[in-house]
Amino acid sequence: MIDIHAHILPGLDDGAQDLIDAVLMAELAVEGGTSVLIATPHGNNERKKARPLSDKDYLEKIKQEFDRLQNELKKRELPLRLIQGMEVLCTEDTVRKLARKELVTLNGTRCILAEFDFDASGIFCRRRIEELIEAGLRPVIAHPERYECVLQKPKWAEEWADMGCLLQVNKSSLRGSFGRGEYEAGWTLIKNGAVTFVASDAHSPYYRTPFLGETREMLSRELSKRKANRLLRENAEELLLSEI
Ligand SMILES: [Fe+2]
């Protein structure tokens, strides 16, 4: 499988706290059947940074931690390929910061993993999406099923998909870990065919882990093996090859 959303890089945000956490997370990912993982620390999100750093210094630190973890996995012969990415909080500044190369996309493609504040209005989100699309990017909306506007009016997420966004649902939502609303919204979007990716959004080896084994079983059971495969691997392969 290919996990397109995981906070595995150590000491940067509210994900892995140190290299030990990160290695444990990588082991769990491999155990669950993941072979490629996009490391997506929070970006443009001061509240989620472990230490206050400017966007430029933070990006530099991301590169350092990426190389450090990659070397560690190589040393331990763990068969997990890491790819660079970021989960970018959408604000009025996002497009400007992207142009200044202070934020990055998924593997340098035109696809950007975009998140919103949980209480952002649907109209605010739509405006930010329009700005990203106008700038030539393709937003991959992180966990649409978790936003208040979608919980109140699920049509918002379908509208974003109609605008050309790709939707990424979290594995934990599908297990009900965030609550009934997120559970129902996640499954409804998937069953309506509006979702392109299911990912871990892993933060730790102890809770919200990157283990995707049971998610694959659940999606195979509820949908079909073929659809599970698309949501957990094939669509991400196309993204990495920049075909979507
Ligand atoms: Fe995330």
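Here's what I pulled together on the structure shown here. The shown structure was predicted, so the numbers you read here are calculated from the model rather than taken from an experiment.

### Topic: the overall build of the chain
- A tally of helices and strands in the chain yields 10 helices and 9 strands.
- Considered along the principal axes of its C-alpha atoms, the chain spans approximately 45 × 45 × 35 Å.
- Counting every position in the chain, which comprises 244 residues, the buried fraction comes to 46%.
- Partitioning the intrachain contacts of the chain with sequence separation of at least 6 by distance along the chain shows that 74% fall at a separation of at least 24.

### A closer look at the sheet that holds strand β4 (residues 81–84)
- Taken in spatial order, the 3 strands of this open sheet run β1-β2-β4, and their pairing is parallel. For this open sheet the edge positions go to β1 (2–6) and β4, each flanked by a neighbour on one side alone. Averaged over all pairs of adjacent strands, the angle between their axes in this sheet comes to 25°, without regard to strand direction.
- Two strands pair when backbone bridges link them, and β1 and strand β2 (residues 36–39) are joined in this way by 3 bridges, in the parallel orientation. From the neighbouring strand, isoleucine 2 faces β2, where its bridge partner is valine 36.

### What about the environment of glutamate 115?
- Positionally, glutamate 115 belongs in strand β6 (residues 111–115).
- Separated by 32 residues in sequence, glutamate 115 and tyrosine 147 have C-alpha atoms that sit 9.3 Å apart.

### What about the sheet that holds strand β8 (residues 166–170)?
- The sheet built from 6 strands is open, its strands ordered β3-β5-β6-β7-β8-β9 with parallel pairing. Bordering the open sheet on either side are β3 (42–43) and β9 (197–199), each of which pairs with just one other strand.
- As paired elements, β3 and strand β5 (residues 87–89) share 2 bridges and run parallel to each other. Across the sheet, the residue bridging to glycine 43 is valine 88, located in β5.

### Concerning the packing of helix α1 (residues 19–31) against helix α2 (residues 55–75)
- α2 packs onto α1 with a crossing angle of 55° between their chain directions and a minimal axis gap of 11 Å. In this view, α1 runs oblique relative to α2, as classed from their interaxial angle. As α1 runs across α2, the sense of the crossing is right-handed. Between α1 and α2, the contacting residues are Leu19, Ala22, Val23 and Ala26 on the first element and Leu69, Glu72 and Leu73 on the second.
- In terms of residue class, the contact of α1 with α2 is made up of 6 nonpolar, no polar and 1 charged.

### Regarding α1
- Its 13 residues give α1 an end-to-end C-alpha distance of 18 Å, which sits within 8% of 18 Å, the value for a rise of 1.5 Å per residue.
- Those residues of α1 that are buried are in contact with β1, β2 and α2.

### Let's talk about helix α4 (residues 122–134)
- With 13 residues, α4 should cover 18 Å at 1.5 Å per step; its first-to-last C-alpha distance of 18 Å lies within 8% of that length.
- Of the surrounding elements, those touching the buried residues of α4 are α3 (94–99), β6, β7 (138–142), α5 (148–152) and α6 (155–162).
- Two residues or fewer past α4, glycine 136 is found with a positive phi of approximately 90°.

### Description of the pairing of β2
- Once the chain exits β1 it traverses α1 before rejoining the sheet at β2, and the crossover so formed is right-handed.
- Bridge count for β2 against β4 is 4 bridges, and the pairing is parallel. Counterpart to alanine 39 in the pairing with β4 is glutamine 84.

### Quick word on the nonpolar core
- Core analysis: the largest hydrophobic core is formed by 71 residues, its most contacted members being Ile8, Ile112, Ala114, Val140, Leu167, Val195 and Phe197.
- Here this core takes 6 residues from α1, the largest share from any one element.
- Those residues in contact with isoleucine 8, other than ones at most four positions away along the chain, are Gly15, Ala16, Ala22, Met25, Ala26, Leu37, Ala39, Ala202 and Pro210.

### Focus: the packing of helix α9 (residues 213–222) against helix α10 (residues 225–240)
- Following both chains from N to C, one finds α9 and α10 inclined at 135°, their axes separated by 7 Å at the closest point. When the axis of α9 is compared with that of α10, the two are oblique. When you trace α9 past α10, the crossing you get is right-handed. Of α10, the residues touching α9 (which contributes Arg216, Leu219 and Ser220) are Lys225, Lys227, Ala228, Leu231 and Leu232.
- In terms of residue class, the contact of α9 with α10 is built from 4 nonpolar, 1 polar and 3 charged.

### Concerning the environment of methionine 86
- Tracing the backbone shows methionine 86 in the loop between β4 and β5.
- On a C-alpha basis, the gap between methionine 86 and arginine 51 in space is 17 Å, while along the polypeptide they are 35 residues apart.
- Excluding anything up to four places from it in sequence, methionine 86 contacts Thr40, Pro41, Gly43, Leu103, Val104 and Leu113.

Rules of the game
Residues numbered from 1 in each chain as written. Predicted model: local features only at pLDDT ≥ 70, side-chain atom pairs only at ≥ 80, totals over all residues. Helix = DSSP H or I, 4+ residues; strand = E, 2+ residues; numbered from the N terminus. Buried ≥ 20, exposed ≤ 12 C-beta atoms within 10 Å, placed from the backbone. Contact = placed C-beta atoms within 7 Å. Pairing = 2+ DSSP bridges. Axes fitted to C-alpha atoms, helices over the stretch in contact; angles between N-to-C directions. Parallel < 35°, antiparallel > 145°, perpendicular 65-115°, else oblique. Left-handed = near helix turned anticlockwise from the far one by under 90°. Nonpolar A, V, L, I, M, F, W, Y, C, P; charged D, E, K, R; others polar. Expected span 1.5 Å × (residues − 1). Right-handed = clockwise from strand over helix to strand, strands pointing away. Core = buried A, V, L, I, M, F, W, Y, C linked by C-beta atoms within 7 Å.

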